[in-house]
Amino acid sequence: MAKKASYNVAVAGATGAVGGAMLETLARRRFPVNELRLLASAHSVGKKLSFQGQELAVQEMTKDSFAGIDIALFSAGASRSLEFAPAAAAAGAVVVDNSSAFRMDPEIPLVVPEVNPHAIAQYQRRGIIANPNCSTIQMLVALKPIHDAVGIKRIVVSTYQAVSGTGAKAIAELEQQIRAWAAGEPMESKVYPHQIAFNCLPQIDSFLDNGYTKEEMKMVNETVKMFEDPEIKVTATTVRVPVFYGHSEAVNVETKKKITAAQVKALLAKAPGVKLVDDPAHSVYPLAIDCAGRFETLVGRIREDETIENGINLWVVADNILKGAALNAVQIAEVLIRDYL
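Quick summary incoming for the structure in this document. The shown structure was predicted, so the numbers you read here are calculated from the model rather than taken from an experiment.

Some words on the sheet that holds strand 7 (residues 94-97)
If you walk across this open sheet you meet the six strands as 5-2-1-6-7-8, and the pairing is parallel. Among the strands making up the open sheet, the edge pair consists of strand 5 (59-60) and strand 8 (128-130). As judged from the five bridges shared by strand 1 (residues 7-12) and strand 2 (residues 33-40), these two strands associate in the parallel manner. Residue pairing in the sheet places Tyr7 in a bridge with Val33 of strand 2. Of the strands in this sheet, strand 1, strand 2 and strand 6 (71-74) touch helix 1 (residues 17-28), which is tilted by about 155 degrees from strand 1. Strands strand 1, strand 6, strand 7 and strand 8 of the sheet are contacted by helix 8 (residues 322-339), whose axis makes an angle of about 165 degrees with strand 6.

Below, the structure written as structure tokens:
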């Protein structure tokens, strides 16, 4: 079967922040798009979005929206994915879903191309590939070279996650609270349970019976699934911080064999998707304000944990809308057209 020169692509949730980033990423990476179909809810029908100099009208997403589509990039929320992704797959499209709907389904691959690209082959079971949680993605991009080299026994991670991970209303709430503070006016909190401006909230998503949040357990379960290692131990504390874009993470790993900080730096300097930013003598390390719009995951503050024999600390930063969502989805699509479609 001859390879196609270009592909029909649908973006479900095209009017959202991640949907817009998917369009930008398809253009920036020169993905070979033939027809681009923009899908959203009924209230967005007729809205025009720009793609490579063209103005395209948004259509309402229905179960009949995917005829003739090769790849459907979904970022419309878990409930919409559960409703429409199977219909897209039944119509012949390969779905790359950014929601939490299918991540832990044993029949659906959960993929970060720099970590487990071989798992993409499993899409043929259901026609769906899941994008991991944003905080898991950047952590595993940084840790995969270490895991391959010496094995990882345990991960302790604390995240500092931007409000854009919650959505447009959270971005607006942070901005409104900052403006209210500057004007000496009272601040309203509607999106979050507490004021987010000038504050840190140690809660992302709802709490579970074990005292962890859903976000924290996503990092645990997704890491085990993608590393294909049921013995790896992960514990997470996820925190929302008053930053607009860019998630930051303090990651501590205990490795199976000894590896030095210098060896880790050498590994990460050549690792796919990683940008080593590590010159502490000159105050050079990854910053959330530097990652916006960048495809790379930035890693620095690499040092040995002096409290255990085989321990490494890292500081990991990435654009949560790009590598944490849109970019990862497009990279999966790139592997699909290179190796499978």
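Side note on the environment of Trp315
When you line up the elements, Trp315 lands in strand 14 (residues 311-318). We classify Trp315 as partly exposed; its relative accessible area is 23%. Along the primary structure Trp315 and Leu298 are separated by 17 residues, whereas in three dimensions their C-alpha atoms are 8.2 Å apart. With near-sequence residues (within four places) excluded, Trp315 lies in contact with Tyr160, Ser248, Glu249, Ala250, Pro286, Leu298, Val299, Gly300 and Arg301.

As for helix 6 (residues 261-269)
Here helix 6 has its buried residues at Ala261, Val264 and Leu268. All buried residues of helix 6 fall inside an arc of 60 degrees around its axis, so they share one side. Exposed side of helix 6, more than 90 degrees from the buried face: Ala262 and Ala269 are the residues found there. Elements that come into contact with the buried residues of helix 6 comprise helix 3 (134-150), strand 12 (274-276), strand 13 (297-304) and strand 14.

Concerning the packing of helix 3 against helix 5 (residues 214-227)
Packed helices, taken two at a time, are described by the angle their axes make and the gap between the axes. Where helix 3 meets helix 5, the closest approach of the two axes is 10 Å, and the angle between their N-to-C directions is 40 degrees. Relative to helix 5, helix 3 is oriented oblique. For the element pair helix 3 and helix 5, the recorded crossing hand is right-handed. Residues Ser135, Thr136, Met139, Leu140, Leu143, Lys144 and His147 of helix 3 touch helix 5, and the partners they reach there are Glu215, Lys218, Met219, Glu222, Thr223, Met226 and Phe227. Along the lines of polarity and charge, the residues of the contact of helix 3 with helix 5 split into six nonpolar, four polar and four charged.

Comments concerning the sheet that holds strand 9 (residues 152-161)
Taken together, six strands build an open sheet; the order of strands is 10-9-11-14-13-12 and the sheet is mixed. At either end of the open sheet lies a strand with only one pairing partner, and these are strand 10 (233-240) and strand 12. With strand direction ignored, the average angle separating the axes of adjacent strands in the sheet is 25 degrees. By the bridge criterion, eight bridges tie strand 11 (residues 247-255) to strand 14 in an arrangement that is antiparallel. Bridge assignment links Ser248 to a residue of strand 14, and that residue is Val317. Docked against the sheet, helix 5 engages strand 9, strand 10 and strand 11, running at close to 145 degrees with respect to strand 10. Packing of helix 6 onto the sheet brings it into contact with strand 12, strand 13 and strand 14, and relative to strand 13 it is tilted by some 165 degrees.

Topic: the pattern of salt bridges
Using the criterion set out here, one finds 16 salt bridges in the structure. In this structure, the salt-bridge partner of Glu334 is Arg29, at a minimum N-O distance of 2.7 Å. One end of the pair, Glu334, is in helix 8; the other, Arg29, is in the loop between helix 1 and strand 2, and 305 residues separate them in sequence. Residue Arg29 is classed as partly exposed on the basis of its relative accessible area, which comes to 30%. When salt bridges with common partners are traced through the structure, they connect Asp105, Glu107 and Arg126 into a single cluster.

Some remarks on the packing of helix 3 against helix 6
Following both chains from N to C, one finds helix 3 and helix 6 inclined at 120 degrees, their axes separated by 9 Å at the closest point. Here helix 3 is positioned oblique relative to helix 6, judged by the angle of their axes. Every pair of crossing elements has a handedness; the one defined by helix 3 and helix 6 is right-handed. Facing helix 3, whose interface residues are Ala142, Pro145, Ile146 and Ala149, helix 6 presents Val264, Leu267 and Leu268. In terms of residue class, the contact of helix 3 with helix 6 is made up of seven nonpolar, no polar and no charged.

Thoughts on the packing of aromatic side chains
Considering all chains together, one arrives at four aromatic pairs under this definition. Relative to Phe74, the ring of Phe66 lies with its centre 5.7 Å away and its plane at 20 degrees, an arrangement referred to as stacked. Ring centres of Tyr160 and Trp315 lie 5.6 Å apart, and the angle between their planes is 45 degrees; on these two criteria the pair is classed as tilted. One end of the pair, Tyr160, is in strand 9; the other, Trp315, is in strand 14, with 155 residues separating them in the sequence. For the cation-ring pair, Arg28 lies above Phe295, with the distance from its terminal atom to the ring centre recorded as 3.9 Å. Cation over ring: Arg29 sits above Phe295, and NZ or CZ is 5.3 Å from the ring centre.

A word on the side chain of Thr213
Secondary-structure assignment places Thr213 in the loop between helix 4 (168-182) and helix 5. Of note is the side chain of Thr213, whose polar atom sits 3.2 Å from the backbone oxygen of Ile204. Residues in contact with Thr213, not counting those within four places in the same chain, are Gln203, Ile204, Asp205, Ser206, Phe207, Leu208 and Thr238.

Parameters and conventions
Residues numbered from 1 in each chain as written. Predicted model: local features only at pLDDT ≥ 70, side-chain atom pairs only at ≥ 80, totals over all residues. Heavy atoms only, no water. Pairing = 2+ DSSP bridges. Helix = DSSP H or I, 4+ residues; strand = E, 2+ residues; numbered from the N terminus. Contact = heavy atoms within 4.5 Å. Axes fitted to C-alpha atoms, helices over the stretch in contact; angles between N-to-C directions. Buried < 20%, exposed > 50% of the residue type's maximum accessible area, 1.4 Å probe, protein only. Arc of directions from axis to C-beta. Parallel < 35°, antiparallel > 145°, perpendicular 65-115°, else oblique. Left-handed = near helix turned anticlockwise from the far one by under 90°. Nonpolar A, V, L, I, M, F, W, Y, C, P; charged D, E, K, R; others polar. Salt bridge = Lys/Arg side-chain N within 4 Å of Asp/Glu carboxyl O. Phe/Tyr/Trp six-rings, centres within 6.5 Å; stacked < 30°, edge-to-face > 60°. Lys NZ or Arg CZ within 6 Å of the ring centre and 35° of its normal. Polar contact = N/O pair within 3.5 Å; in protein donor to acceptor, adjacent residues only side chain to side chain.

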